[in-house]
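# Structural features, examined
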Amino acid sequence: MNPYQPSKTILRTACAVAALLLLTVSFPSWSQLAGVLERSIGKKISQQAERKVLSASTEKQLVAANVVTRTKRGDILVKRWNQHFCKPEPCPLDKDKAATFTGHSYNEIALEKDTVLYRVYHSPAAKPDGLWWKRSPTKGTSAIIGNAIPTEHGNYADQMVKIRVPKGQTIYEGKSAAQGGLAGGDNQVFLKNVDPSWKLR
């Protein structure tokens with residue numbers, strides 16, 4: 001639908017105004033009334049179009065304004081994704097990965113500066129290398145609850161590894177979804193690739 005196309009109510013009102021305009025030759029007072037209504041309708045159409053533009057997606061606003069949206073941390077927000085609304089273009093993460101984020105929603109972000117990320121594990125049951133990370137250095141019970149880490153495979157999140165992800169890299173970030181009776185809700189980051197050289201000692 002064209003965002004500037006007036007609603008049916010406005011069109012009906014416009015028709016009524018047109019009928020009133022036909023009477024203006026014999027009735028000058030009707031002419032004044034018609035003028036007021038015509039200006040009112042024009043204003044209403046303009047307001048409706050403005051609201052539709054303001055409620056458009058962030059991506060369209062960015063394209064129109066030729067500006068960049070930044071996150072609270074100063075990184076570039078490329079796009080906000082939701083697994084339920086990926087058509088016609090595909091989401092960057094498959095549905096299983098998206099399901100680990102609250103509401104199946106996450107942000108595609110281009111890092112504006114080198115960023116340290118953390119991953120918790122329990123050796124040897126869980127490997128320190130992986131694609132799931134977070135921004136906070138919490139571990140143990142706090143990490144298990146906040147990141148909804150299942151412990152049935154022996155991951156008690158008592159060990160930690162950290163990496164420095166270079167500026168310009170793309171990350172997928174959101175809040176951990178609740179699972180297995182664990183609340184979730186803490187920050188989590190998915191990386192499609194991890195360079196071993198990023199690891200910090």
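Above this text sits the structure in question.
Here is a short report on the structure shown in this document. (Residues numbered from 1 in each chain as written. Predicted model: local features only at pLDDT ≥ 70, side-chain atom pairs only at ≥ 80, totals over all residues. Heavy atoms only, no water.)

### Regarding the pairing of strand 5 (residues 159-165)
Looking along a regular strand, one sees the side chains alternate between the two faces of the sheet. In plain terms, the rule: Strand pairing requires that DSSP identify at least two bridges connecting the strands. Runs of H or I in DSSP of at least four residues are treated as helices and runs of E of at least two as strands, each being numbered from the N terminus.
Two strands pair when backbone bridges link them, and strand 3 (residues 115-121) and strand 5 are joined in this way by seven bridges, in the antiparallel orientation. The residue of strand 5 that forms the bridge with Leu-117 is Ile-163. Of the strand pairs in this sheet, strand 5 and strand 8 (residues 199-200) are connected by two bridges, and their pairing is antiparallel. Paired with Ile-163 across the strands is Lys-199, a residue of strand 8.

### Concerning the nonpolar core
Test applied: Take the buried Ala, Val, Leu, Ile, Met, Phe, Trp, Tyr and Cys residues and link them wherever side-chain atoms come within 4.5 Å; each set so joined is a nonpolar core. Exposure categories follow from relative accessible area, calculated using a 1.4 Å probe and restricted to protein chains: below 20% of the type maximum is buried, above 50% is exposed, and the middle band is partly exposed. Throughout, a contact is declared for two residues whenever any of their heavy atoms are within 4.5 Å.
Membership of the largest hydrophobic core comes to 13 residues, with the highest contact counts inside it found for Leu-117, Trp-133, Ile-163, Val-165, Ile-171, Val-189 and Leu-191. Of all the elements in the fold, those that place two or more residues in this core are strand 3 and strand 5. When residues of this core are assigned to their parent elements, the largest contribution, three residues, is made by strand 5. Residue contacts for Val-165: discarding those within four places in its chain leaves Leu-111, Lys-113, Asp-114, Thr-115, Leu-117, Leu-191 and Trp-198.

### Overview of the side chain of Ser-105
The line we're drawing: Identification of polar contacts relies on pairs of N or O atoms within 3.5 Å, with a donor-acceptor requirement for protein atoms, meaning one able to donate a hydrogen and the other able to accept it, and with residues adjacent in sequence counted only if both atoms are side-chain atoms.
Its location among the elements puts Ser-105 in strand 2 (residues 105-110). Here the side chain of Ser-105 touches Asn-82 through a polar contact of 2.6 Å, side chain to side chain. Once residues lying within four places of it in the same chain are set aside, the contact partners of Ser-105 are Arg-80, Trp-81 and Asn-82.

### A short note on the packing of aromatic side chains
Test applied: Aromatic pairs are defined between Phe, Tyr and Trp rings, using the six-membered ring for Trp, whenever the two ring centres lie within 6.5 Å; interplanar angles under 30 degrees are classed as stacked, those over 60 as edge-to-face, and all others as tilted.
Here the structure, examined in full by the defined rule, presents four aromatic pairs. With a centroid separation of 5.3 Å and 35° between ring planes, the pair formed by Phe-101 and Tyr-106 is classed as tilted. Taken as a pair, Phe-101 and Tyr-106 share a single burial class, namely buried. Summarising the aromatic geometry, the rings of Trp-132 and Phe-190 are spaced 4.8 Å apart at their centres and angled 55° between planes, so their arrangement reads as tilted. A residue pair is termed long-range when its members are at least 10 positions apart, and Trp-132 in strand 4 (residues 132-133) and Phe-190 in strand 7 (residues 187-190) qualify at 58 residues.

### Focus: the sheet that holds strand 6 (residues 170-175)
Spatial ordering of the open sheet is given by 1-2-6-7-4, a layout of five strands whose pairing is antiparallel. Looking at which strands have only one partner, the edges of the open sheet turn out to be strand 1 (76-82) and strand 4. Examined bridge by bridge, strand 6 and strand 7 share four bridges and lie antiparallel to one another. Note that in strand 7 the partner of Gly-174 across the bridge is Gln-188.

### A few points about the environment of Asn-155
One can find Asn-155 in the loop between helix 5 (141-146) and strand 5. The class of Asn-155 is buried, set by a relative accessible area of 15%. Each C-alpha atom, one on Asn-155 and one on Tyr-121, is 5.7 Å from the other, the two residues being 34 residues apart in sequence. At a separation of 3.4 Å, a polar atom in the side chain of Asn-155 contacts the main-chain amide nitrogen of His-122. At 3.1 Å, the side chain of Asn-155 forms a polar contact with the backbone nitrogen of Ala-157.

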